[in-house]
Amino acid sequence: MIYTTLLNIAIFQGIILGLIILKSSLFNSNSNKYLAYLLFALSIVLLNYVFEIEGAFISYPLLRFIDNIDWVFLLPVFTFLFIINRIDNAVKNRQKTYLYYIPFVYNSILNTAICLDTVAGIYKIPESYMYLVNILQMIQLLLAVIIILFLPFYSYFMIRHLKDSQEKKWVITLLTIIYLVLLVWLTTYMTGLFFGLDISSTMSVLALCATFIMHWTAYIGIYKYKLAKNKDAIYNLLNNSSVISYPDLQIVQNSTPQEYKESITADNLYFQKLELLCKDQHIYTDSTLNREKVAEKLGISAGYLSQIVNTITGDNFAHYINQYRVKAVKEMISDPEFENYTLLTMGLESGFTSKTTFYNSFKKVTGQTPNEYKNTLK
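Just so we're clear, the structure is a prediction, and the values are computed from it rather than from any experiment.

A. Geometry of the overall build of the protein. Looking only at helices and strands, the protein has 19 helices and zero strands in total. Across the 378 residues of the protein, 45% fall into the buried class. Pairs at least 24 residues apart make up 70% of the contacts formed inside the protein by residues separated by at least 6 positions. Total accessible area on the protein is roughly 19700 Å²; 60% of this is exposed by carbon and sulfur atoms.

Listed below in structure tokens is the structure:
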């Protein structure tokens, strides 16, 4: 009873968190929608497991149509798409993402066709065709091995393109946990299939691990975006059709609520939006970026934007943006992938407009010139 209750709570939490990510403009991005889809797929996997241990498939046989689709095939796909949609377009555009859905589509068609015989009884597969069905099922198993073992492993190579070091740690942790769960699931499933062993206890542990992924993702979301401290603002954001849309950076209505003018703290909603624009959209790489452009995107006045940045960071807007540019340069200097780039090229790629501005800003932020900083890493 306690065990199924924990699973049901995780299912409910996964669905709700997924809906929040999809509906909230604070999370709205091409990357985060795949995180929501990941939570939905994981919720369906857990729901089918609850149906299994509660005997729902015996009472309602048609539910087998949902259970016989291996939703677990989608977990590595959505994890991979979540990662590559957070990196540069040049890398992302080289990926033929539709190919990663082939195992799931193949599995769904094959299992549905079999269920129409074994569950619904709409037709009967002749015995003479069973050898063909067995071959198709072996191909299905091969695709499962490929997608579950290869895609998460390939995802690790994509993570290196993430610019934010803190984000890298979170994504690596999430990917590692999912990879281990999928690896153990695949090993357990194949052991039960080929050796006829009882795998129920291991599957129960894996289900608990899946609930941990749900709870941990929710915790990181609350911690990373401080939802608990901005409940009223988030509620207004969810119900306001004129809020910012991060993927397209659309212009929003120019209004500054009085409640945010009176008290400016690090929890200020507009400052959090600005942080997300810098960390997720890397707007600082635009060399023409200025205070007016950003204020227009946030839907506030340029003066109020300066007030927010000055109050929270103690710096002016230009220095705030240049700190992100300097951080990007430091990461490129440390990354072997950019070893053939000149320091000036790195600076221009990060959004600086000239060598003088780049060198002055870098020394102001780090206390060293770019050359001195690079030499300290040797």
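Having seen the structure, we can now continue with the description.
B. Quick peek at unusual backbone geometry. Its identity as a non-glycine residue notwithstanding, H282 has a phi of 55°, on the positive side. Examined against the element boundaries, H282 turns out to sit in the loop between α13 (269-279) and α14 (291-298).

C. View of the side chain of D335. Among the structural elements, D335 can be located in the loop between α16 (317-334) and α17 (343-349). At 3.0 Å, the side chain of D335 and the backbone nitrogen of E337 are in polar contact.

D. Focus on the packing of aromatic side chains. Applying the stated criterion across every chain yields a total of 21 aromatic pairs. Taken together, a centroid distance of 6.4 Å and an interplanar angle of 65° make the contact between F78 and Y101 edge-to-face. Of the two residues, F78 is situated in helix α5 (residues 74-84) and Y101 in the loop between α6 (89-92) and α7 (102-118); the sequence distance between them amounts to 23 residues. An angle of 70° between the planes, with centres 5.7 Å apart, marks the rings of F362 and Y373 as edge-to-face. With F362 in helix α18 (residues 355-366) and Y373 in helix α19 (residues 370-376), this residue pair connects regions lying 11 residues apart in the sequence. Each member of the pair, F362 together with Y373, is buried. These aromatic residues form a ring-pair network of at least three members: F352, F358, Y359, F362 and Y373. R325 extends its terminal NZ or CZ atom over the ring of F352, reaching a point 5.9 Å from the ring centre.

E. View of the nonpolar core. Counting residues in hydrophobic clusters, the biggest one holds 55 residues, and the most contacted among them are L46, F82 and L174. Contributions of two or more residues to this core are made by α1 (2-23), α2 (30-54), α5, α8 (130-159), α9 (165-195) and α10 (200-225). L277, Y284, L289 and V294 belong to the second-largest nonpolar core, a separate cluster that totals 23 residues.

F. Summary view of the confidence of the model for the protein. Across the protein, the average pLDDT comes to 82, with 83% of residues at or above 70. Contacts for the low-pLDDT stretch residues 225-262, under 50 throughout, to residues beyond four places or in other chains number 83 contacts.

G. Structural view of α13. α13 sits mainly inside the fold: 10 of its 11 residues count as buried. Among the residues of α13, those classed as buried are L269, Y270, F271, Q272, K273, L274, E275, L276, L277 and C278. Sitting at the amino-terminal end of α13 is N268, which places a side-chain oxygen 2.9 Å from the backbone nitrogen of Y270.

H. Looking closely at a nonpolar patch on the surface. Among the surface-exposed residues, M138, Y189, L193, F194, F195 and L197 lie close enough to one another that they form a single nonpolar patch of about 670 Å² accessible area. Examining the composition of the nonpolar patch, we find that four residues originate from one element, α9, more than from any other. Relative to the assigned elements, F195 resides in helix α9.

I. Broad picture of the layout of surface pockets. If you add up the space inside the largest pocket, you get close to 1100 Å³. Lining of the largest pocket is provided by 38 residues; of these, D67, D70, W185, Y189 and M203 occupy positions nearest its centre. Of all the secondary-structure elements, those providing two or more residues to the lining of the largest pocket are α2, α4 (64-67), α7, α8, α9 and α10. Residues of the lining of the largest pocket, tallied by class, amount to 28 nonpolar, six polar and four charged.

J. Structural detail: α5. Across the 11 residues that make up α5, a large majority, 11, are buried. For α5, every residue scored as buried is listed here: L74, L75, P76, V77, F78, T79, F80, L81, F82, I83 and I84.

K. Summary view of the packing of α14 against helix α15 (residues 302-313). Here α14 crosses α15 at 95°, and the two axes come no closer than 8 Å. Accordingly, the angle class assigned to the pair α14 and α15 is roughly perpendicular. Facing R291, E292, V294, A295 and L298 of α14, the residues of α15 in contact are A302, G303, L305 and S306. When its residues are assigned to classes, the contact of α14 with α15 shows five nonpolar, two polar and two charged.

Conventions adopted
One numbering rule holds for all chains: residues counted from 1, following each sequence as written. Local features in this predicted model are restricted to residues of pLDDT 70 or higher, and side-chain atom pairs are both shown and tallied only at a pLDDT of 80 or more, whereas totals for entire chains, interfaces and linings draw on every residue. With hydrogens and water stripped out, all remaining heavy atoms of the structure feed into the side-chain values. Secondary structure follows DSSP: runs of H or I at least 4 residues long count as helices, runs of E at least 2 residues long count as strands, and numbering of each begins at the N terminus. Residue burial is assigned from relative accessible area. The probe radius is 1.4 Å, only protein chains are included, and a residue is buried under 20% of its type maximum, exposed over 50%, and partly exposed in between. Every residue pair with non-hydrogen atoms within 4.5 Å of one another is taken to be in contact. We get accessible surface area from the Shrake-Rupley algorithm with a probe of 1.4 Å; when it comes to residues, only the shown protein chains can shield them. We define a polar contact as two N or O atoms separated by no more than 3.5 Å, with the added condition that, inside protein, one atom must be a possible hydrogen donor and the other a possible acceptor, whereas residues neighbouring each other in sequence contribute only through side-chain atom pairs. For this analysis, a ring pair means two rings from Phe, Tyr or Trp (six-membered ring only for Trp) whose centres lie within 6.5 Å, classed as stacked if their planes differ by under 30 degrees, edge-to-face if by over 60, and tilted for the remaining angles. The rule for a charge over a ring is simple: NZ of Lys or CZ of Arg within 6 Å of the ring centre, and within 35 degrees of the ring normal. Nonpolar cores are built from buried Ala, Val, Leu, Ile, Met, Phe, Trp, Tyr and Cys residues. Side-chain atoms within 4.5 Å join them into one set. Looking at any residue, its pLDDT shows the predictor's confidence there, from 0 to 100. Each patch is built from residues that are more than 30% exposed by relative accessible area and take part in no salt bridge. Like charges join if they lie within 9 Å; nonpolar side chains (Val, Leu, Ile, Met, Phe, Trp, Tyr) join within 5 Å. By definition here, a salt bridge exists when the distance from a side-chain nitrogen of Lys or Arg to a carboxyl oxygen of Asp or Glu is within 4 Å. Throughout, the protein atoms alone are placed on a 1 Å grid, and a set of points is a cavity if a 1.4 Å probe fits but cannot get out or a pocket if it is open with protein on both sides within 12 Å along at least five of seven lines; lining residues have an atom within 4 Å of a point. Grid points are joined across faces, edges and corners, and a volume is the space filled by probe spheres set on the points. Basically, the charged four are Asp, Glu, Lys and Arg, the nonpolar ten are Ala, Val, Leu, Ile, Met, Phe, Trp, Tyr, Cys and Pro, and anything else, Gly included, counts as polar. Helix axes are fitted only over the stretch in contact, all axes being lines through C-alpha atoms; the angle between N-to-C directions runs from 0 to 180 degrees. Put simply, angles under 35 degrees are roughly parallel, angles over 145 are roughly antiparallel, angles from 65 to 115 are roughly perpendicular, and the rest are oblique.

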